[in-house]
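# An overview of the molecular structure
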Amino acid sequence: MANLNFNADNSTTVSYSNGTEEHLKMSDNETARSASDSSYTMPEELRLSLFVLIVVLSLFGVISNIINMTTFWKLRKEDLINLNLFGLSLSDFMVCLTNLLFFVSTGHWYLQEIFTYLKIVPVEVMYMLLGVPNSVSVRITVLQTASIAFQRCLCVVVPLKVKGFFTHSRITASVILSFIIPTVMITVPVYYVNRLQWVRIPGLNETILRVVMSDDFYDVNVWTTPINTVILLVIPFLIVSVSTAIMIKHLKQTITWRLRILTAVDPAWASKNGKNVSLAAASAVAIQQKQKQQQQGASTGNSAPNELFVQKEIRIIKLVLIVSLIFLVCYAPNVVSVMFVAFTKGYNIRETDDFEKLMGFVTMSLGTVNSSVNIFIYHNYSTNYRKSFRNVFCHSKR
């Protein structure tokens, strides 16, 4: 029986049972480049550590996003933002699940014998089955985050004008479109120019299953690269960046405004705490003071409920801000690397060095982190999330 080893130069080394080897070259227009085809000299310990890290993060992300989806589905009618967060949790779940399955299925040190027996190039096959869905899921997460940040930014800047615009049906439609658009834009061209085919090895009466590029691969790639890079990644990233900056500025202005009110309500408390007071604490003291005035017969109208509403809005802004900031940190290296590959003239992915491969692991790890940690943010900044979470998952402790 012969063993197949896939080399850096897009060739195949056939090792026969008698100890001899045959080096077979396949033409560039017959095969697609995959990550496993390049020479890989990264230390095995580092590669194994990164593998374990991504698998553990992905597994945690799968579980945590199932919890998030369940919780936000219960809350979908209480606040419109819960619909957006449900969509974000679903896309994060897809990112983590495809990452998990891809890395587990391409673990060469324990599955190489199976792939050799089946005569398939593992990373190329898994790229078509899991890699493309992962790319779609990442773009959906990017669009969902941009949508959430942009909507909340508009609610902050022009609250009266957009109050009636964001309805349940429109939010639902935007969530659905954010899933459909990347799916169509990515899968249609990728599966058109890349196809899984059984390729016969010259000199050996065997075939292997791998990705074969169509003749018009490079022609199609000319317009698919700008779509995937600019429209589905760079522009949403910039939207999140600008929206986050505006929300931070608004939050600071609101804190200053609340402190001015506190100075009128409780000058001693405001003077003692000064700029170190948080908005939540300031609002809480204002509410307590105004409730005391109500009990004493002062005419204060419905100011306390308004203060509670302000507190709720501020918590939502903080939640969106932290989600957006984590997204920006985790996806900044990804955006830079993708733009470098897409717009560097003469760049040849076949000639990537160890540093570039390491950066690929890092960007994927950061993307997995972004899709895994939101459960802590939701739990800390949303009282409704905590209540629903406990109602759904903690019945036995009640």
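This report concerns the structure included in the present document. The structure presented is a predicted model; accordingly, all values stated were derived computationally and were not measured. (Residues numbered from 1 in each chain as written. Predicted model: local features only at pLDDT ≥ 70, side-chain atom pairs only at ≥ 80, totals over all residues. Heavy atoms only, no water.)

### What about helix α2 (residues 81-105)?
This is how it is decided: For the purposes of this entry, the term helix denotes a DSSP run of H or I that reaches at least four residues, the term strand denotes a run of E that reaches at least two, and both are numbered from the N terminus. Helix span is expected to be 1.5 Å times the residue number reduced by one. Burial classes follow relative accessibility: with a 1.4 Å probe on protein chains only, a residue under 20% of its type's maximum area counts as buried, one over 50% as exposed, and anything between as partly exposed.
Look at α2: 36 Å from first C-alpha to last across 25 residues, which is about the 36 Å you get at 1.5 Å a residue. Where burial is concerned, most of α2 is hidden: 19 out of the 25 residues are buried.

### Points about empty space enclosed by the protein
Convention followed: A 1.4 Å probe that fits into a set of points on a 1 Å grid over the protein atoms alone but cannot get out defines a cavity; an open set with protein on both sides within 12 Å along at least five of seven lines defines a pocket, and lining residues are those with an atom within 4 Å of a point. Grid points are joined across faces, edges and corners, and a volume is the space filled by probe spheres set on the points.
Under the counting rule described, the total for this entry stands at 1 cavity of 30 Å³ or more. Estimates place the volume of the largest cavity at around 40 Å³. Of all the secondary-structure elements, those providing two or more residues to the lining of the largest cavity are α4 (122-157) and α10 (303-343).

### Notes on the packing of α2 against helix α6 (residues 168-193)
Heads up, the rule is: Angular values range over 0 to 180 degrees, each being the angle between N-to-C directions of two axes fitted as lines to C-alpha atoms, with helices fitted over their stretch in contact. With respect to orientation, any angle under 35 degrees is reported as roughly parallel, any angle over 145 as roughly antiparallel, any angle of 65 to 115 as roughly perpendicular, and every other angle as oblique. In this scheme, a crossing is called left-handed if the near helix is turned counterclockwise away from the far one by less than a right angle; it is called right-handed if the turn is clockwise. Two residues qualify as a contact provided that any one of their heavy atoms is within 4.5 Å of a heavy atom in the partner residue.
Across the interface, α2 lies against α6 with an axial gap of 9 Å and an inter-helix angle of 15 degrees. Put simply, α2 runs roughly parallel to α6. As for how α2 packs across α6, the hand of that crossing is right-handed. From α2, Leu83, Asn84, Gly87, Leu90, Ser91 and Met94 reach across to α6, where they touch His168, Ile171, Thr172, Ser174, Val175 and Phe179.

### Some words on the state of the cysteines
For clarity, the threshold we go by: By definition, disulfides here are pairs of cysteine sulfur atoms that lie within 2.5 Å.
Scanning all chains against the criterion turns up 0 disulfides. Residue Cys155 stays outside any disulfide, its sulfur separated by 9.2 Å from that of Cys153, the closest cysteine.

### Here's the deal with the packing of aromatic side chains
Just so we agree on the cut-off: Working definition: rings of Phe, Tyr and Trp (its six-membered ring) pair if their centres are within 6.5 Å, and the pair is stacked with planes under 30 degrees apart, edge-to-face with planes over 60 apart, and tilted otherwise. Geometrically, a charge over a ring is one whose NZ (Lys) or CZ (Arg) sits within 6 Å of the ring centre while staying within 35 degrees of the ring normal.
Evaluated as defined, the whole model comprises 11 aromatic pairs. Ring geometry for Phe102 versus Phe103: centroids 5.8 Å apart, planes at 80 degrees, classification edge-to-face. On the basis of an interplanar angle of 75 degrees and a centroid distance of 5.3 Å, the ring pair of Phe165 and Phe166 is categorised as edge-to-face. With a relative accessible area of 45%, Phe165 lands in the partly exposed category. Grouping aromatic residues by their ring pairs yields a cluster made of Phe72, Tyr378, Tyr385 and Phe389. One residue, Arg195, lies across the ring of Tyr192, its end atom 5.4 Å from the ring centre.

### Quick notes on a nonpolar patch on the surface
Cut-off, in case you're wondering: Surface patches are drawn from residues lacking salt bridges whose relative accessible area is over 30%; two like charges belong together within 9 Å, two nonpolar side chains (Val, Leu, Ile, Met, Phe, Trp, Tyr) within 5 Å. Here the open area of atoms and residues is found with the Shrake-Rupley method and a 1.4 Å probe, where only the protein chains shown may cover a residue. A carboxyl oxygen of Asp or Glu within 4 Å of a side-chain nitrogen of Lys or Arg is what we treat as a salt bridge.
Residues Ile176, Leu177, Ile180, Ile181, Val184 and Val188 make up a contiguous nonpolar surface patch of roughly 500 Å² in combined accessible area. Here Val188 is to be found in helix α6.

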